[in-house]
Amino acid sequence: MIWRLVVLGGLCVFLLGAEGSSSSGRGGRTGTFHRTQQDGSRGKARSRPRRDASSTSRPSHGPLFTSCRIPLTPEEHKILDENTHETGFNGDDGSYVILTWVGDGTGVVLVLSTFSAPIDSFLDGGSSRLYRSTDYGKSFHDISDRINNTFIKEEFGVSVGPGSSVILTADIPVVDHPGGIIFTSTDAGATFKFIQLPFHLALPITYHFLNPDYLVALSIDGGLWLSLDFGAKWTKVHDGVHSFSWGAGINLFFSFSQTDAVDAEERGDLVLKRTTDLGKSFTIIHEDIFSFGYIGAFLFFSVMEDPRSPRVMYFSSDQGDTFSRALLPSASTEQFYSILDGDEEMLFMHVDNPGDTFFGTMYTSDDRGILFSKSLERHLFDGHRKSDFTNITSLRGVYLTNKLDEDGRIRSVISFNRGRTWRQLKKPDNVECGKQVKNCNLHIHGEHSRNNRIVPMLALSEPTAIGLVIAHGTVGDSLSSSQHPDVFVSSDGGYNWKGTLRGTHHYSILDSGGLIVAVEAQHEGQVKTIKFSTDEGQCWKSYNFTEQPFFFAGLASEPGTKAMNVSVWGFRPEEDDQPMWVTVTIDFQSLITRECNDQDYEEWLAHSTDEGDSERNGCVLGIKETYRRLKKQSVCRNGKGFVVNKKQSPCLCTREDYICDYGYYRHVNTSECVRQSSAPNKTLELCLNGEEDELLTAGYRKVPSDRCEGGFSPQLAMQTVIRPCSVKPSPGPPARSSSPITHFDTPRERLVLILVCAGAGVVVLIAIVSAILAVKRAVYRNRAPAYRFSNLQIQDDENNITTDFQSATSSNGTAGQQDSDEDLLQ
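Throughout this description, residue numbers start from 1 for each chain and increase along the sequence as written. Where totals are concerned, whole chains, interfaces and linings use all residues; where local detail is concerned, this predicted model gives features only for residues with pLDDT of at least 70, and gives and counts side-chain atom pairs only at 80 or more. Note that water and hydrogens are dropped before the side-chain values are worked out from all heavy atoms of the structure.

S.K.: An account of the overall build of the chain is needed here, citing residue identities and associated values.
M.R.: Helix and strand labels come from DSSP, where a helix needs a run of H or I of at least four residues and a strand needs a run of E of at least two; each type is numbered from the N terminus. A count of helical and extended segments in the chain gives 5 helices and 57 strands. In the chain, which comprises 826 residues, the proportion classed as buried is 53%. The contact definition used throughout considers only heavy atoms, calling two residues in contact when any of these lie within 4.5 Å. Nonlocal contacts in the chain, meaning residues at least 24 apart in sequence, comprise 57% of its contacts between residues at least 6 apart. Areas reported here follow the Shrake-Rupley algorithm with a probe of radius 1.4 Å; residue values treat only the protein chains shown as occluding. Just so you have it, the chain exposes about 37,100 Å², and 50% of that area is on carbon and sulfur atoms. Think of it in three bands: with a 1.4 Å probe and only protein chains considered, a residue is buried below 20% of the maximum accessible area for its type, exposed above 50%, and partly exposed in between.

Structure representation (structure tokens):
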């Protein structure tokens, strides 16, 4: 994913997602590793810089804990030696290695060794190299000749799509070439096809997430190009484009400038369009926008409705057919909005506080992304525009983040119900703080710490490894950079923790959680040892995987966590002072040979605690979930065919299944939702199809994705009133007029008057009964509040296009974009 710079002083809305180049084996298809820059002679690696002047002395350790170590047996050592494969890429002096897994379960790995810019290769006499492995990285073959030894720039690298499709983008001078060059493969890199593009790329080519033949690209002159045959033929569909994004189905959204002004985005002069038929016709969604994004099932964009006012956010949950302004606190030009995470059911939104406070308020949305409720105050968002917000994907509804408290200390909090409530993390079972520490809790290092080089990687969880979380943390009153972080593990989604490894490590989850591997982060030295655990980090064994240590660059394993082998990447200075890339692949499948059987698994009730009512034990987001998962003491192999097995049963609704609606807050003593005194009217007045709806709320709304049934249900207190938009009701009886008064004196005239009044009365009575029935149907159909939003008046462009798409959703990371003077949507 490519992030653009944020223009200072502007309002920015940006998505925090998974990095486009994942490192240290975080489960992505592509990992980028790079060598440290070198001083003087090319073979002598420069010592890695320390964090800052205040950290020159070695940080002190936190509370001690014992890490369980079990020595390898001679037989185990022999088996691992026989199944460890080392590859040295002799003569390869590329500063970047981009490793990409192609296909699902194919065992194919492509490795591109290159530089960040072609000038590096000219100065150093290097070039790009392409290698291919068909045995999960155990051996590699140089296939650079298949792409004519063409230079491939690191920024474009290797792009993989659905199936076994691969695209390599050549880096060539713009002056002497009419367009760029790409190499495409449909057989996982076995063969490549040379294609001359009619334009020069500004960004890497973007695949459609279901059909690899559908490609979209942005040229350096702002042209939006489409290919429907995997790059063989390209058609320009629009000019002046600033950013684009696939939506659901085959919807394609893009913003463009009508005036081609370079500062159109800064002024909010962009137009948001959609095509639903792959460039044949277009629909204008909104004019005068700054930027837009797409996450989960939500389209969002920012608009300055009044030059004197800050920008406002608009959301659509139906691909832009209708949209409405998000009901959030306003943000000045010194603040920003940030979408932290989202799916088809809700969004997490951060609203920054004014000034350089480094914190703001987190909100959660309803299922249309319009109504937002306060979730967490003083949410940390540091000066580097980084948030520690993390989705724990190994257990439904769990999120982890850090807050900046009023005393200036950073503390970790966790939510088990999608942001409805937050609590501090428990003290690990095997750690004691000491009497001098008033509040002893575990605090997790996130993006803020990684950006400051305190830890090498973030908290790790995977959907197939139920309940398993691995993270760097410190134990005490708050998050401390003076203490040396250690590795902690949770087996129940973050309720309980245990100290597992002393010091910082790179780690990866294999075999759906049946195996964890870790390599200690050596800031000054070289690595040769890998640690592994078969009991979710309770105990570890160590294995020396090489006789010649090397500088560590990254840990990589096949995405999906079902693999049993892992590759350790690094570089080793050679005798001729030439650094050489090295990879060591360790196959644990030969060590853990037994397939798991029924006796190796146990039934586990998620979110179960010893607290509260036993009937409600395990009830989170309206359901109980019982998983079949591997016992810690079972040393066996889940295998590639492993599928998460769970049983679900609904719970009765309680207030715990509801959050306070817009304009309400939870009372401290009663936990009831009470209306804020500063909130506007008692009704939300919105316009729908020329009518103004006054729609009421009882102050509660169900947490998105909550599946509870029966039980507690908030009641609406008043009826709904509907009247035409912009038509104001009379404040009182009409004023007397000086015009003559009409009299009905004759019997015939009186009869006509009686009949007219009777007819009008019948009509009014029918209307009242119909309105009451409609209101009752609306109320009893769903006792939760109902909201409607204005339809978009769509203007068709006479020149071109329109279409329809399926949502690609990622809980941990999504394509995204900054909504400021610079787009960050990829």
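S.K.: So what's going on with the pattern of salt bridges? Which residues, and what values?
M.R.: The working definition used for a salt bridge is a side-chain nitrogen of Lys or Arg within 4 Å of a carboxyl oxygen of Asp or Glu. By the definition in use, this model includes 29 salt bridges. Of the charged contacts in the structure, one is a salt bridge between Lys 632 and Glu 536, with a shortest N-O distance of 3.7 Å. Highlighted residues: Lys 632 in the loop between strand E46 (623-630) and strand E47 (645-650) and Glu 536 in the loop between strand E40 (529-533) and strand E41 (539-544), separated in sequence by 96 residues. Here Arg 628 makes a salt bridge to Asp 598, at a shortest N to O gap of 3.0 Å. Taken together, the residues span a long stretch of sequence, with Arg 628 in strand E46 and Asp 598 in the loop between strand E44 (579-587) and strand E45 (601-605) at a distance of 30 residues. Here Arg 628 falls in the partly exposed class, since its relative accessible area comes to 27%. Of the residues examined, Asp 598 reaches a relative accessible area of 58% and is grouped as exposed.

S.K.: With reference to specific residues and values, describe the environment of Asn 417.
M.R.: In this structure, Asn 417 sits in the loop between strand E31 (410-415) and strand E32 (423-424). With 21 residues separating them along the chain, Asn 417 and Arg 396 place their C-alpha atoms 8.2 Å apart. For the purposes of these results, a polar contact is taken to be a pair of N or O atoms within 3.5 Å, where, inside protein, one atom must be able to donate a hydrogen and its partner to accept one; residues adjacent in sequence count only when each atom of the pair is a side-chain atom. A polar side-chain atom of Asn 417 sits 3.0 Å from a polar atom in the side chain of Ser 415.

S.K.: Give a detailed account of the confidence of the model for the chain, specifying residues and quantitative values.
M.R.: Confidence of the predictor at the level of single residues is captured by pLDDT, which takes values from 0 to 100. Mean pLDDT over the chain stands at 77; residues scoring 70 or higher make up 73%. Predicted confidence for residues 717-747 stays below pLDDT 50, and this span has 29 contacts to residues more than four positions away or in other chains.

S.K.: Just give me the short version of the sheet that holds E46, but keep the residues and values in it.
M.R.: Here, any two strands with at least 2 DSSP bridges between them count as paired. Taken in spatial order, the 3 strands make up an open sheet running E45-E46-E47, and their pairing is antiparallel. Strands with a single pairing partner mark the edges of an open sheet, and in this sheet they are E45 and E47. Adjacent strand axes in the sheet meet at a mean angle of 20° when their direction is disregarded. The sheet contact formed by E46 and E47 spans 6 bridges and is antiparallel. Across the sheet, residue Arg 628 finds its bridge partner in E47, namely Asn 645. Orientation is described by lines fitted to C-alpha atoms, with helices fitted over the stretch in contact, and by angles between N-to-C directions that extend from 0 to 180 degrees.

S.K.: Tell me what's going on with the state of the cysteines, and back it up with residues and numbers.
M.R.: What counts as a disulfide here is a pair of cysteine sulfur atoms lying within 2.5 Å. Scanning all chains against the criterion turns up 5 disulfides. Paired by a disulfide, Cys 433 and Cys 440 hold their sulfur atoms 1.9 Å apart. Taking the sign of the S-S torsion, 75° for the link of Cys 433 and Cys 440, the bridge is right-handed. With relative accessibility at 12%, the residue Cys 433 sits in the buried group.

S.K.: Go over the sheet that holds strand E16 (residues 224-227) with me, naming the residues and quoting the values.
M.R.: What the 4 strands build is an open sheet, ordered E14-E15-E16-E17; its pairing is antiparallel. In the strand order of this sheet, the two ends are held by strand E14 (206-207) and strand E17 (235-238), each with one partner. Of the strand pairs in this sheet, E14 and strand E15 (residues 215-218) are connected by 2 bridges, and their pairing is antiparallel. Counterpart to Thr 206 in the pairing with E15 is Val 216.

S.K.: Hey, could you go over the packing of aromatic side chains for me, with residue numbers and the actual values?
M.R.: Two aromatic rings, taken as a pair, are described by how far apart their centres are and by the angle between their planes. A pair of aromatic rings is counted whenever rings of Phe, Tyr or Trp (Trp by its six-membered ring) have centres within 6.5 Å, and the orientation is called stacked for planes under 30 degrees apart, edge-to-face for over 60 and tilted otherwise. Per the counting criterion, the structure on display carries 32 aromatic pairs. With a centroid separation of 4.6 Å and an interplanar angle of 25°, the aromatic rings of Phe 199 and Trp 225 are classed as stacked. Here Trp 225 lies in strand E16 and Phe 199 lies in the loop between strand E13 (193-196) and E14, a separation of 26 residues in the sequence. Assigned by exposure class, Phe 199 and Trp 225 land together as buried.

S.K.: Would you mind going over the pairing of strand E6 (residues 96-102) in detail, with residue names and values included?
M.R.: On a regular strand, each side chain points to the face opposite its neighbour's, so the side chains alternate between the two faces of the sheet. Burial analysis of E6 places 6 of its 7 residues in the buried class, which makes it a mostly covered element. Sheet topology places E6 next to strand E7 (residues 108-114); 7 bridges connect them, and they run antiparallel. Pairing of Leu 99 across the sheet is with Val 111, part of E7. Linkage of E6 to E7, two consecutive antiparallel strands, is achieved through a turn of 5 residues, within which Gly 103 is found at a positive phi near 75°.

S.K.: Report on the side chain of Ser 634, specifying residues and quantitative values.
M.R.: Along the chain, Ser 634 turns up in the loop between E46 and E47. Residue Ser 634 is classed as buried on the basis of its relative accessible area of 7%. Within the structure, the side chain of Ser 634 is placed 3.2 Å from the side chain of Asp 600, a separation counted as a polar contact. For Ser 634, the residues in contact, after removing those within four places along its chain, are Thr 534 and Asp 600.

S.K.: Let's hear about the side chain of Ser 415: which residues, and what values?
M.R.: By the element assignment, Ser 415 lies in strand E31. Given a relative accessible area of 0%, Ser 415 falls into the buried group. Beyond its immediate sequence surroundings of up to four residues, Ser 415 is in contact with Gly 397, Val 398, Tyr 399, Arg 420, Thr 421 and Trp 422.

S.K.: Before we move on, can you summarise unusual backbone geometry with the specific residues and values?
M.R.: One non-glycine residue, Gln 319, lies in positive phi territory at about 65°. Phi at Arg 418 takes a positive value of approximately 60°, unusual for a residue other than glycine. Within the fold, Arg 418 resides in the loop between E31 and E32. Judged by its relative accessible area of 7%, Arg 418 is buried.

S.K.: Any chance you could break down the nonpolar core for me, citing the residues and the numbers?
M.R.: A general tendency of soluble globular proteins is for nonpolar side chains to be buried together. One finds Leu 395, Leu 425, Leu 442, Ile 444, Phe 488 and Trp 497 to be the most contacted residues of the largest nonpolar core, which totals 27 residues. Every element with two or more residues in this core is listed here: strand E30 (398-404), strand E33 (441-444) and strand E34 (469-476). With 3 residues, the single largest contributor to this core is E34. Apart from residues lying up to four places away in sequence, Trp 497 is in contact with Leu 425, Lys 426, Pro 428, Asp 429, Leu 442, Ile 444, Val 469, Ala 471, Phe 488, Val 489 and Ser 490. Throughout, nonpolar core names a set of buried Ala, Val, Leu, Ile, Met, Phe, Trp, Tyr and Cys residues whose side chains join them through atoms within 4.5 Å.

S.K.: Pulling in residues and values, what's your account of a negative patch on the surface?
M.R.: Among the surface-exposed residues, Glu 75, Asp 81, Glu 82 and Glu 547 lie close enough to one another that they form a single negatively charged patch. Considering the arrangement of structural elements, one finds Asp 81 in helix H1 (residues 74-82). Each patch is built from salt-bridge-free residues with over 30% relative accessible area, joining like charges within 9 Å and nonpolar side chains (Val, Leu, Ile, Met, Phe, Trp, Tyr) within 5 Å. Charged residues are defined narrowly, with Lys and Arg counted positive, Asp and Glu counted negative, and His plus the chain ends left uncounted. Just so you know, the charge point we use is NZ for Lys, CZ for Arg, CG for Asp and CD for Glu.

S.K.: Residue-level account of the environment of Thr 30, with values.
M.R.: For Thr 30, the position within the fold is in strand E2 (residues 30-34). By relative accessible area, which is 15% here, Thr 30 ends up buried. Once the C-alpha coordinates of Thr 30 and Pro 559 are considered, the two residues, 529 residues apart in sequence, prove to be 9.0 Å apart.

S.K.: Summarise H1; cite the residues concerned and give the values.
M.R.: For H1, every residue scored as buried is listed here: Glu 76, Ile 79 and Leu 80. For H1, the arc enclosing every buried residue in end-on projection is 95°, short of the 170-degree limit, so these residues lie on one face. Structural note: H1 exposes Pro 74, Glu 75 and Glu 82 on the side pointing more than 90 degrees away from its buried face. Check the buried side of H1 and you find it contacts strand E5 (84-89), E40, E41 and E44. This arc corresponds to the set of directions leading from the helix axis out to the C-beta atoms.

S.K.: Provide a residue-level description of the pairing of E44, including the pertinent values.
M.R.: The element E44 is largely enclosed, with a buried count of 9 among its 9 residues. Burial of E44 is two-sided: the residues Pro 579, Trp 581, Thr 583, Thr 585 and Asp 587 facing one way and the residues Met 580, Val 582, Val 584 and Ile 586 facing the other way are all buried.

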